[in-house]
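This is what each chain is made of:
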Amino acid sequence: QNFARGPVRQCAWGIGSCMNISRTVALSDRSLVIHDAKGKGLHKIMDMKKAATHVMMSSDGTRVFATARSPGDTLFAWTIDHSSIDKGLGIMGGSVATKADYLTRAEQAVIEEMNLARTDPKQYATFAEDHLKSFQDESTYIRQGSNMRIGTQEGTKLVKETIAFLNSVKPVGKLVPKKGLSLAAKDHSADQAETGVTGHTGKDGSSPFDRMKRYGSYSGAGENIAYGPSVARQIVLQLIIDDGVPSRGHRTNIYKSTFTSSGVSIGPHKTYREMCVITYGTGYKDK
């Protein structure tokens with residue numbers, strides 16, 4: 001489900017370790033240090049003004065994704081190449097999202113994943129290529145991390161088209177989390193947790209724009225909803241592929257350069273088990 005308005009218009013996660021590589025992350029005073037399987041310090045990520053807590057790492061087989069939160073709820077995130085770690089060369093890229101205490105770890109991961117897709121679409125094309133390998137036939141794939149068979153409407157042809165799109169689209173800027181946008185998303189996910197319906201209209205008849213106006217103001221806004229997956233990469237990739245949506249509206253929202261802020265809410269759903277509401281804003285200001 002996607003909705004937009006303009007101005008005139010997985011890798012498994014673990015706490016403190018990466019599940020599928022011989023790497024661990026350790027907190028040493030105010031630094032994060034990557035260690036090998038024998039405990040040898042390979043790479044010091046950075047010094048922080050305050051000691052970090054809640055460290056998480058994941059890997060796609062080529063890179064390590066590490067996040068840590070410091071007191072004051074500042075979220076630090078890094079993307080590090082495995083070979084660079086071995087050579088002690090350091091970080092490929094990173095970002096800092098501040099004051100995200102209103103987001104869960106999973107919700108923060110969705111914003112970081114969208115930012116990876118927006119700033120490095122060619123890298124995201126490789127994730128789509130991996131997804132293509134999970135298809136059992138032209139229309140059915142096995143969801144990563146489970147034995148669940150998922151049927152699609154447009155099948156492998158659309159995934160191949162998505163790969164071509166990601167290899168050609170121009171990168172756009174990162175999204176900054178906004179509390180008001182997240183509260184608007186949480187209102188809708190809470191509604192649908194009770195009703196089990198889908199779509200963008202709240203049980204009180206509210207539109208995405210009504211909900212966003214409860215908590216702030218904007219010059220442009222949009223909303224995406226993913227039903228089913230609960231892992232950040234699966235959520236974002238599903239929206240970019242946009243199976244069964246001829247307009248590719250979800251994909252458009254993710255790559256819309258005028259959107260500069262975002263909010264996320266992940267919650268239960270009676271029919272699809274999990275749902276993720278993502279709101280987007282242009283010139284959004286919290287009340």
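For the structure itself, consult the block above.
Position labels on residues start from 1 in each chain and follow its written sequence. Given that this is a predicted model, residues contribute local features only at a pLDDT of at least 70 and side-chain atom pairs are listed and counted only at 80 or more, while totals for whole chains, interfaces and linings are drawn from all residues. Side-chain measures were taken over the full set of non-hydrogen atoms in the model, leaving aside hydrogen atoms and water.

Draft legend 1. Inspection of the pattern of salt bridges at higher detail. For this document, the term salt bridge refers to a Lys or Arg side-chain nitrogen within 4 Å of an Asp or Glu carboxyl oxygen. Under the criterion given, the structure shown has nine salt bridges. One salt bridge connects R233 with E113, and the closest N-O pair in it is separated by 2.5 Å. Within this pair, whereas R233 is found in helix α7 (residues 232-241), its partner E113 is found in helix α2 (residues 105-119), the two being separated by 120 residues in sequence. The buried label applies to any residue whose accessible area, calculated with a 1.4 Å probe on protein chains only, is under 20% of its type's maximum; exposed applies above 50%, and partly exposed to all values in between. On the accessibility criterion, R233 (12% relative accessible area) is buried. On the accessibility criterion, E113 (10% relative accessible area) is buried. Between E223 and R211 there is a salt bridge, with its nearest N and O atoms 3.3 Å apart. Placement of E223 in strand β14 (residues 220-227) and of R211 in helix α6 (residues 208-213) is noted, with a sequence separation of 12 residues between them. Classification of R211 by relative accessible area gives buried; the value is 1%. Shared partners join several salt bridges into a network, and the residues in it are D187, D204 and R214. Strands here mean DSSP runs of E at least two residues long; helices mean DSSP runs of H or I at least four residues long; both are numbered from the N terminus.

Draft legend 2. Looking closely at the side chain of R251. With respect to the helices and strands, the residue R251 is situated in helix α8 (residues 249-254). Judged by its relative accessible area of 5%, R251 falls in the buried class. A polar side-chain atom of R251 sits 2.7 Å from the main-chain carbonyl oxygen of I240. Among residues more than four places away in sequence, those in contact with R251 are L158, E161, T162, F165, L239, I240, I241 and D242. N or O atoms closer than or at 3.5 Å make up a polar contact, with two conditions inside protein: a donor-capable atom paired with an acceptor-capable one, and, for residues adjacent in sequence, both atoms drawn from side chains. Here, residues are in contact when the closest pair of their heavy atoms is within 4.5 Å.

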